[in-house]
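# Geometric and topological summary
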Amino acid sequence: MDAQRLKDSFAHVARQGDAVALFFYSDLFVRNPQLRDMFPIGMSVQREKLLGALGGIVAQVDDLPSLVPFLQQLGRDHRKFGIVAEHYPAVGASLLATLKYFCGTAWNDDLAEDWNAAYTLVSKVMLEAANEDALRSPAWWNAQVIGVERRRFDIAMLRVVPDQPLPYLPGQSVAVETTSRPRHWRYYSMANAPRADHTIDFHVRLVDGGPVSSVLVRSLHVGDRLRLGAPVGTLTLNEDSPRDVLLVAGSTGLAPLKAILEQLARRPSPPRTHLFFGARTHEGLYDLEELSKLAMELRWLTLVPAVSDEPPGTLPGLHRAGTAQAEHGTLPDVVGRRGLWIDHDAYVCGPPVMVARTNERLVQLGVNRDRIRMETFAEAQR
Amino acid sequence: MNSPHTPAGHHYSTSSDGGVRHDDGRYTGPDPAEPDRTGGHNLPATMGESRLTPAELQSVTFPRAPLGRRGYDEERVRSFLQYIERELAQIFSERTALADEVARLRERLSGVSSGGVPPEEAHFQAVRILSQAQQTADLYVADAERYTRELAQEARQYREAILSDAKSQAELLLDEAHRRASAVAETAAAAAPPPQHVPSGDPSSLPDDVRRQMEREIAYLRTYSEVYRTHLRSYLESLLRNVDEWERSERDALPTGATEPPRPR
């Protein structure tokens, strides 16, 4: 297998962009009409994902130590879509047909052999990881909604109970599919440390135009069913660290950090912890009341709410959320004002811009990049 | 008649020539002297429409030759043979026509797979058609999502406008209420003579300035609570209207979710 030849031919093919993935899926569905049902009606996002994944694989094709874990994860992730062993050869055949089509005269037996070998390897690694995973956990968890609490017109807190225990680390997230939007999976973080009764909380914010988040916030009811994928994510607590903790949450980015907070609270001697919770308006601080109670109970926790688009202190007449007075400013500014975080481990979650700016500010303040763990959401929660 | 594909006009034309076997003179049919068709002979009664069948052939009988001659009636035998000959010719010509038809169809079939569109090209055609259909579907989905997004954004702006309107309205109302309440209380305190009928003796025993102070408080609180209740009601109502508006637009914008459960596998 000639890695460079693979890369060159893929670079040539990839220049033709969306047409490549469009051809691939059409070829796949013409040959295997029964597979069409596994995908959503709109395929543009799907095609971007495919091109992204292929690009990533080809880029690392001569770097197996990096490629293999990526493929293993990909294989495990695909279980929730109902992908099984027999689907792999069909995908391989269409992939080769697509490459051949777009390579044109550059296609020859050697290239075909290279690609065939590469795909054989890729599917073998993915499938092995999937099979191994199948020994330990189901392809997905069926869950039932047992609580829906609308904290704001566009923010809901959901409580669900899976039909079997779903082990995860605080800070991780799972892909969620609702019966009203089949085959649309969106990622949400568990907002609590694992409980004895296995119930899980999610904080969902309605994304304008988002097909899934709209349904989850607006029309989900107790008794409705969801499907959950396997837990993923690296925004998890560094258990070995003796340092103090800084948590910075923008809007529903609070969810994973609240789970981490609960995890800290279970320690015999929790580290000194600051939680910054920011939103545009006071109303956006949807969980402030509960956080304030926590902060009063836990002496090692300091809670700092912040609002950027409203003057400080003006709580809307009917919404006296907690006792804490919100600071005015964006999270990076407010965090920056509050002093030195050099000796802290920082965990940041929220909208992409907020996360990027907070990260930059922390680095400016001298925090080591290795000690900042962060996660963004946007498209993943539509 | 049995087969609509029978290409030969012969069969029908011959037989529909008006019952050849009757009229051409060579086959005269049943002897007029012997009207009993089943007795003297049993030539195919098929006359015309249907085909000569093996069973009919088996059951053929010929009348004896006229008195003084041996064997069958020569005339009848000859005419029967002619009839058979015509039938056979008919069958052969039909068979040839069918063979031609088969050959033609075969040719057309092989043209599809070799001369016309090769299978690979047909596959690409299918892929292209599916791709186009998919792109159309993607467009529709994107349009629907954009529409929903715009609608939601508008509703959000609308909601914020209503809320900030209500808020400033409420602040104005409150200020006004405060001002009026204290004005009313001031005048009441200044003008009101000490009440004549006091149910309880206690208040009257209070010093005048304290009692006036209390009355002023009561008047103030009454007015304030009334104004506040009114304000609260209108505030809540506008909030509710807003929520209704939001829900309606959301519901209209979203397709009613497919109720189909996810396939188990």
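Residues numbered from 1 in each chain as written. Chains lettered and ligands numbered in written order. Predicted model: local features only at pLDDT ≥ 70, side-chain atom pairs only at ≥ 80, totals over all residues. Heavy atoms only, no water.

Chain B carries the name Cell wall synthesis protein Wag31 in an unreviewed UniProt entry, which gives Thermomonospora umbrina as its organism. Looking at chain B in UniProt, the text filed under Sequence similarities (unreviewed entry) is "Belongs to the DivIVA family." Recorded under Subcellular location (unreviewed entry), the UniProt text for chain B is reproduced unchanged: "Cytoplasm". (UniProt positions renumbered as here; feature names shortened; annotations may be inferred.)

The name an unreviewed UniProt entry assigns to chain A is nitric oxide dioxygenase, from the organism Thermomonospora umbrina.

Attention now goes to the overall build of chain A. If you tally the helices and strands in chain A, you get 11 helices and 12 strands. The long-range fraction of contacts in chain A, counting pairs at least 24 apart against all pairs at least 6 apart in sequence, stands at 72%. For chain A, the computed accessible surface area is about 16600 Å², with 53% contributed by carbon and sulfur atoms. (Helix = DSSP H or I, 4+ residues; strand = E, 2+ residues; numbered from the N terminus. Contact = heavy atoms within 4.5 Å. Areas by Shrake-Rupley, 256 points an atom, 1.4 Å probe, with all protein chains shown as cover.)

This paragraph deals with the sheet that holds strand S5 (residues 200-205) of chain A. Residue and element names in this part refer to chain A. Taken together, the six strands give an open sheet; going across it, the order is S4-S3-S6-S1-S2-S5, and neighbouring strands pair in antiparallel fashion. A strand with exactly one partner marks an edge of an open sheet, and here the two such strands are strand S4 (186-189) and S5. Here the average twist between neighbouring strands, direction ignored, is 40°. As defined by bridge partners, strand S1 (residues 141-152) adjoins strand S2 (residues 155-162) across eight bridges and the pair is classed as antiparallel. Across the sheet, residue Glu-149 finds its bridge partner in S2, namely Met-157. (Pairing = 2+ DSSP bridges. Axes fitted to C-alpha atoms, helices over the stretch in contact; angles between N-to-C directions.)

On to the sheet that holds strand S12 (residues 372-376) of chain A, then. All names here are of chain A. Here six strands make up an open sheet; going across it, the order is S10-S9-S8-S7-S11-S12 and the pairing parallel. Across the chains shown, the open sheet's two edge strands, defined by having one partner strand only, are strand S10 (327-328) and S12. The sheet contacts of helix H8 (residues 254-265) involve strand S7 (244-250), strand S8 (273-279), strand S9 (301-307) and strand S11 (344-350), and relative to S7 the element is tilted by about 155°. Strand contacts of helix H11 (residues 352-364): S7, S11 and S12, with the helix running at about 160° to S11, the strand carrying the most contacts.

Quick look at unusual backbone geometry now. Residues and elements named next belong to chain A. Not every positive phi belongs to a glycine, and His-198 is a case in point at roughly 65°. Checked against the element boundaries, His-198 lands in the loop between S4 and S5. Look at His-198 and you get partly exposed, because its relative accessible area is 37%. (Buried < 20%, exposed > 50% of the residue type's maximum accessible area, 1.4 Å probe, protein only.)

So, about the packing of aromatic side chains. Taken as a whole, this structure holds 14 aromatic pairs over all chains when the rule is applied. Aromatic pair Phe-23 of chain A and Phe-124 of chain B: ring centres 6.1 Å apart, planes at 55°, arrangement tilted. Of this pair, Phe-23 of chain A sits in helix H2 (residues 18-31) while Phe-124 of chain B sits in helix H6 (residues 119-191), placing the two residues on different chains. Looking at Phe-23 of chain A, the relative accessible area reads 7%, which means it is buried. Here Phe-124 of chain B falls in the buried class, since its relative accessible area comes to 19%. (Phe/Tyr/Trp six-rings, centres within 6.5 Å; stacked < 30°, edge-to-face > 60°.)

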